[in-house]
Amino acid sequence: MARINLDHIRHAYGEKPKSEADYALKEVHHEWNDGGAYALLGPSGCGKTTLLNIISGLLQPSEGRILFDGKDVTYLSTQQRNIAQVFQFPVIYDTMTVYDNLAFPLRNRGVAEPEVDRRVREILEMIDLAGWAKKTARGLTADQKQKISLGRGLVRNDVNAILFDEPLTVIDPHMKWVLRSQLKKLHRQFGFTMVYVTHDQTEALTFADKVVVMYDGQIVQIGTPAELFEKPSHTFVGYFIGSPGMNVLPAFIDGNSIRVGEETLTLDYRPQVAAGAKTELGIRPEFIALSREGMPVSISKVEDIGRQKIVRAEFAGKPIAIVVPEDGEIPAEPRVTFDPAAINIYADSWRVGR
Ligand code: ADP
Ligand code: MG
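About the cut-offs
- Residues numbered from 1 in each chain as written.
- Chains lettered and ligands numbered in written order.
- Predicted model: local features only at pLDDT ≥ 70, side-chain atom pairs only at ≥ 80, totals over all residues.
- Core = buried A, V, L, I, M, F, W, Y, C linked by C-beta atoms within 7 Å.
- Buried ≥ 20, exposed ≤ 12 C-beta atoms within 10 Å, placed from the backbone.
- UniProt positions renumbered as here; feature names shortened; annotations may be inferred.
- Helix = DSSP H or I, 4+ residues; strand = E, 2+ residues; numbered from the N terminus.
- Expected span 1.5 Å × (residues − 1).
- Contact = placed C-beta atoms within 7 Å.
- Axes fitted to C-alpha atoms, helices over the stretch in contact; angles between N-to-C directions.
- Parallel < 35°, antiparallel > 145°, perpendicular 65-115°, else oblique.
- Left-handed = near helix turned anticlockwise from the far one by under 90°.
- Nonpolar A, V, L, I, M, F, W, Y, C, P; charged D, E, K, R; others polar.
- Near = placed C-beta within 6 Å.
- Pairing = 2+ DSSP bridges.

**Q** What's the story with the nonpolar core in this structure? I'm lost.
**A** Nonpolar side chains in soluble globular proteins tend to end up buried together. Ranked by internal contacts, the top residues of the largest apolar core, which has 67 residues, are Tyr38, Ala39, Leu40, Ala161 and Tyr196. Among the nonpolar cores identified, the runner-up in size contains 20 residues, and Met246, Leu249, Val311 and Ile345 belong to it.

**Q** Explain the UniProt feature "domain: ABC transporter" (unreviewed entry) in the protein here, please?
**A** Using the residue numbers shown here, the UniProt feature "domain: ABC transporter" (unreviewed entry) corresponds to residues 4-241. Between the first and last C-alpha atoms of residues 4-241 the distance is 26 Å; the span itself is 37% helix and 24% strand.

**Q** It is not clear to me how helix 4 (residues 113-126) should be interpreted in this structure. Could you clarify?
**A** Over its 14 residues, helix 4 runs 20 Å from end to end, which matches the ideal 20 Å to within 8%, given 1.5 Å per residue. Residues of helix 4 that are buried make contact with helix 3 (98-107), helix 5 (142-154) and helix 6 (173-190). Asp128, located one to two residues past helix 4, shows a positive phi value of around 65°.

**Q** Mind showing me how you'd approach the packing of helix 3 against helix 5 here?
**A** For any two helices packed against each other, one specifies the inter-axial angle together with the distance between the axes. Two numbers describe how helix 3 lies on helix 5: the axes approach to 8 Å, and their chain directions differ by 30°. The pairing of helix 3 with helix 5 is recorded here as roughly parallel in orientation. Here the hand of the crossing between helix 3 and helix 5 comes out right-handed. Contacts from Val98, Asn101, Leu102 and Pro105 of helix 3 reach helix 5 at Ile148, Gly151 and Arg152. Partitioning the contact of helix 3 with helix 5 into residue classes produces 4 nonpolar, 2 polar and 1 charged.

**Q** What exactly am I supposed to notice about the site of ligand 1 here?
**A** Neighbouring residues of ligand 1: Tyr13, Ala24, Gly42, Ser44, Gly45, Cys46, Gly47, Lys48, Thr49 and Thr50. A class-by-class count of the residues in the shell around ligand 1 yields 3 nonpolar, 6 polar and 1 charged.

**Q** Looking at this structure, I do not really get the sheet that holds strand 19 (residues 318-325). What am I missing?
**A** Remark on secondary structure: sheet strands pair via backbone hydrogen bonds, oriented parallel or antiparallel. As summarised here, the arrangement of the 3 strands in space is 17-18-19, forming an open sheet in which the pairing is antiparallel. Two strands close off the open sheet at either side, each with one partner strand: strand 17 (298-304) and strand 19. Taking the axes of each pair of neighbouring strands and ignoring which way they run, one obtains an average angle of 25° across the sheet. Two elements, strand 18 (residues 308-315) and strand 19, share 8 bridges in a ladder whose sense is antiparallel. Bridge pairing in strand 19 places Phe315 opposite Lys318.

**Q** Explanation requested: the sheet that holds strand 22 (residues 350-352) in the structure shown.
**A** Pairing is antiparallel in the open sheet, where 6 strands are placed in the order 13-12-11-14-21-22. Since the sheet does not close on itself, it has two edges, and those belong to strand 13 (263-266) and strand 22, each with one partner. Between one strand axis and the next, the sheet turns by 45° as a mean value, whatever way the strands run. Relative to strand 22, strand 21 (residues 344-347) runs antiparallel, the two being bridged by 3 bridges. Counted as the bridge partner of Tyr346 is Arg351 from strand 22.

Shown next as structure tokens:
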């Protein structure tokens, strides 16, 4: 198990990057705790796989260093780094049996056969393939093969870290849920450092103690699911996390009052905004109350999603979403109030104030 330091990492795939835009990773500088469960979350193309491959040693960064427990491993191979990695698609030996596929990483390390057997059987149970142990991997379905890949990643319990790159993409939804909770259990049991790449916020939020949100080659926020929900550092994070995402409205700050369209709201603190900065107000749909009081809105659509209703409306000339409980009333002349404690202020898209 290891503490991982990402020391001013930058990466460009091309030979001679001409501008910042040519960098797949712009500047990643962070320390990840030994034994932490991290989810790397962000839209497709933001650099998650690039960062993961740099941590594993499949890729060397254009600039910067990687340290494991203070030791520079930037130029060491995956094997030398003692890392297990599970990819999006199965990587297994088709001609070997399921059992031998799982035993391989252990035998390769010279683990004694009784211990190999014990570990392999444990993993076979976990991935629900105990009855398939003697079958050749070739005949299995895609999701069974992926379960073997996952098992191969988990079979060793002496690795510095386990890295997962969207490993459950091809697994069916129910099994996904089962495997995710088993991963969590194994993590608690063995305490390995775990980095799990996903573009699915539900997966990230249920799985990790720390969610690392990436956008355009950078880490924009690292936090617990609650921190990301309540205090998104960036309008992008607010929008990307939560469903529907945070509402963002153009705003003008004057001391502790905020003007949005014709309306003025008062905060109990003064956001420190530089003169002339473009400011925005962020508020989650869950923290807007719809009633007969407050500021006028016009409703364009109500989506019933079972336990809640999502109301699409126009406020101060902009579209907003409001989450209303299933039995919530929708008044004929609707008005809204914003919970002042739930208002986030952004200047040039980064959060300011308390
Ligand atoms: P993610 O995993 O978040 O979808 P990637 O790390 O795969 O993102 O990609 C980040 C950026 O780097 C993208 O713009 C992608 O097109 C580019 N990229 C990824 N792999 C390569 C490669 N082998 N050669 C050139 N560009 C690449
Ligand atoms: Mg990827």
